[in-house]
Amino acid sequence: MHSLIFTGGPVVTMDPAFPDPEAVGLRNGRIMSIGLLSDVMEAIGPESRIIDLEGNTLLPGFIDAHSHILWAAKTRGAPVVDIRPEIVPTYRAALGKIRRRVSAATPGEFLLFFGLDAQLHVDMVAPTRALLDEIAPNNPIGIQTSNCHALFMNSRALKACGINASTPTPIGSVIDRDESGHPTGRVAEAITWSVLDRFYESWGNSRLNTQFEAMIRQFIANGITTVTEHLYLPYYKSYYQWALERDLPMPRVAAYQQAVTADMKVENLKVGDDRLWMAGIKIHADGSPFVGNIWISKPYLETEITLEKMNLRPGHVGGTNYPQEYFERMVHAYFSQGWQMSIHTQGDRTIDMVLDVLEEVLVSFPRPDHRFRLEHCALMRPDQIERAHRLEVLCSFFINHITYWGVPIEDALFGSERAARYMPAGSAVRSGMQVSLHADTPMTDPSCLALMAAATLRKASDGRCLGAEERIDSKSALKSVTIDAAFQIGMEDHLGSLTPGKHADLVILDRNPLEVPHEELEHIGVLSTYLAGSCVFER
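Okay, so let's go over this structure.

Calculation rules
- Residues numbered from 1 in each chain as written.
- Predicted model: local features only at pLDDT ≥ 70, side-chain atom pairs only at ≥ 80, totals over all residues.
- Heavy atoms only, no water.
- 1 Å grid on protein atoms, 1.4 Å probe; cavity = no way out; pocket = protein on both sides within 12 Å on 5 of 7 lines; lining within 4 Å.
- Points joined across faces, edges and corners; volume = space filled by probe spheres on them.
- Nonpolar A, V, L, I, M, F, W, Y, C, P; charged D, E, K, R; others polar.
- Axes fitted to C-alpha atoms, helices over the stretch in contact; angles between N-to-C directions.
- Helix = DSSP H or I, 4+ residues; strand = E, 2+ residues; numbered from the N terminus.
- Left-handed = near helix turned anticlockwise from the far one by under 90°.
- Contact = heavy atoms within 4.5 Å.
- Salt bridge = Lys/Arg side-chain N within 4 Å of Asp/Glu carboxyl O.
- Buried < 20%, exposed > 50% of the residue type's maximum accessible area, 1.4 Å probe, protein only.
- Expected span 1.5 Å × (residues − 1).
- Bend = angle between axes of the 7 residues up to and from the residue.
- Pairing = 2+ DSSP bridges.

### Quick notes on empty space enclosed by the protein
Here is step 1: According to the stated counting rule, one finds four cavities of 30 Å³ or more in the structure shown.
Here is step 2: There is about 140 Å³ of room inside the largest cavity.
Here is step 3: Taken together, 22 residues form the lining of the largest cavity, with Asn147, His149, His344, His376 and Asp440 sitting closest to its centre.
Here is step 4: Of the residues contributing to the lining of the largest cavity, the split by class is eight nonpolar, twelve polar and two charged.

This is the structure:
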């Protein structure tokens, strides 16, 4: 009988029924007792091991409500070459790194580079097919953008992936073509992920298994005990089973299947004791603000970044990934099957379209407690937040946009007025909505403490604050990565707080996040992580 008692430090339960307990007792992977030390010892038994917190803070394990733990593993580690701006600050340096890797490659080897950034690689020029043919005449080569929504390829890569002048563009995808109809080498949206699988397959399973284990340990080391896989595909299951069979400390995974199957069917998935389950369906209604394929009511600014590096035309307002009729058909099909819907929405006109469709669907298929989710919500307007809350829609905010891309968001893409309302978590919290925050790994690295800092400070890389009125307090931020995140994935009865009967997923921090200045949140240390009552990380 595995039993533990934690005492000797602050305990933040996130459950108002247990506001300031002296001790927490666990048995067999579940929380069994909370309260006075004497009462917990009596409930758990004298054979229990007592863990002295030594003044450190005990909390429920963190939940990242929108991530891609397996897909992130695909983008990290050799043979993928990291050229993100924080690693390689200029486009010129990135090209140098690309050329050096090509020079060491064997003929025919697939080469992939991750992290090209039109906003942060200040000297970037979109790589052409001709340039990549010159750089890598003997190898298929792909350069993926840091936002993950676009990929640049050379002629060998296009041929290896079966893309030519006669290839039809799949629905929900982009294949850029020249005036004669030949592919330019740039693809975007749904086809990007299927094309990348050709690269990953060429390297074999052992490479992905190694990187998956590394990604698992990175999440756990940051105190994150539950994640989502927001681009789940059926073949992913074997990798999760591999991790569990080897007793790796894989966080609990709520899977959201990518809406790509022609029959619009969903795998009914449940593995272990809440270790992996199918939570719902993910649809990309639009793309990325940093690619320009989102649908907005007011055009992008006309700047060097938008016109020259992103290749947008003056007055650009973008569009959606799918024809509206097809999008409506998808939502009707999956919603009528009873699945939770998770819709990627960045532009305000996209959000209008999605909420319109939801209202129609609820007439045909009324469902209490549907927990319809909007993902990212970059340019959501105040009236849309009110409407969403009225429809019981939940928002998950990709708040790290502010930290990483806040400067170009304000100066180059949207201007100060829209930047001040960008990722409007404050308005959503004030409406009464249970929001979540997410890192969208692999786009940014996993850290719920960094998410809390981003939401409470809204500080860009140069120190400016983007929209002080959209900041949230520490308690709201902590809820967004614990109990409110659990609510968004439909697991508030099992996860997200220290409550008797719930899974014993815990994190011990060296400081209490509710008592430190917002500027210190990101620097709080994760000392230990417990998954189902077992210590799976210790600093």
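From this point, things continue past the structure.
### Re the packing of helix α7 (residues 205–221) against helix α8 (residues 237–245)
Here is step 1: Across the interface, α7 lies against α8 with an axial gap of 11 Å and an inter-helix angle of 65 degrees. Note that α7 runs across α8; the crossing there is right-handed. Taken together, the residues of α8 that come into contact with α7 (itself represented by Asn205, Leu208, Asn209, Phe212, Glu213 and Ile216) are Tyr239, Tyr240, Trp242 and Ala243.
Here is step 2: Broken down by class, the residue content of the contact of α7 with α8 amounts to seven nonpolar, two polar and one charged.

### Looking at the pattern of salt bridges
Here is step 1: With the rule as written, the count across this model stands at 29 salt bridges.
Here is step 2: The partner of Arg373 in a salt bridge is Glu375, with the nearest N and O atoms 2.8 Å apart. Across the pair, exposure class does not vary: Arg373 and Glu375 are buried alike.

### Section: helix α13 (residues 400–420)
Here is step 1: When the terminal C-alpha atoms of α13 are compared, their 14 Å separation across 21 residues is substantially less than the 30 Å that a helix rising 1.5 Å per residue should span.
Here is step 2: Of all the bends in α13, the greatest measures close to 130 degrees and is centred on Phe414.
Here is step 3: A large share of α13 lies buried, amounting to 16 of its 21 residues.

### Observations concerning the layout of surface pockets
Here is step 1: Empty space within the largest pocket amounts to approximately 580 Å³.
Here is step 2: Every residue lining the largest pocket is counted, 28 residues in all, and those nearest its centre are Asp176, Arg186, Val291, Met310 and Asn311.
Here is step 3: Among the secondary structure elements, those contributing two or more residues to the lining of the largest pocket are β10 (150–153), β11 (173–177) and β12 (183–189).
Here is step 4: When residues of the lining of the largest pocket are assigned to their parent elements, the largest contribution, four residues, is made by β12.

### Section: the sheet that holds β12
Here is step 1: Taken in spatial order, the six strands line up as β7-β8-β9-β10-β12-β11 in an open sheet, and their pairing is mixed. If you trace the sheet from one side to the other, it starts and ends with β7 (81–82) and β11, each paired once.
Here is step 2: The sheet contact formed by strand β8 (residues 111–116) and strand β9 (residues 141–145) spans five bridges and is parallel. Of the residues in β9, the one forming a bridge with Leu111 is Ile141.

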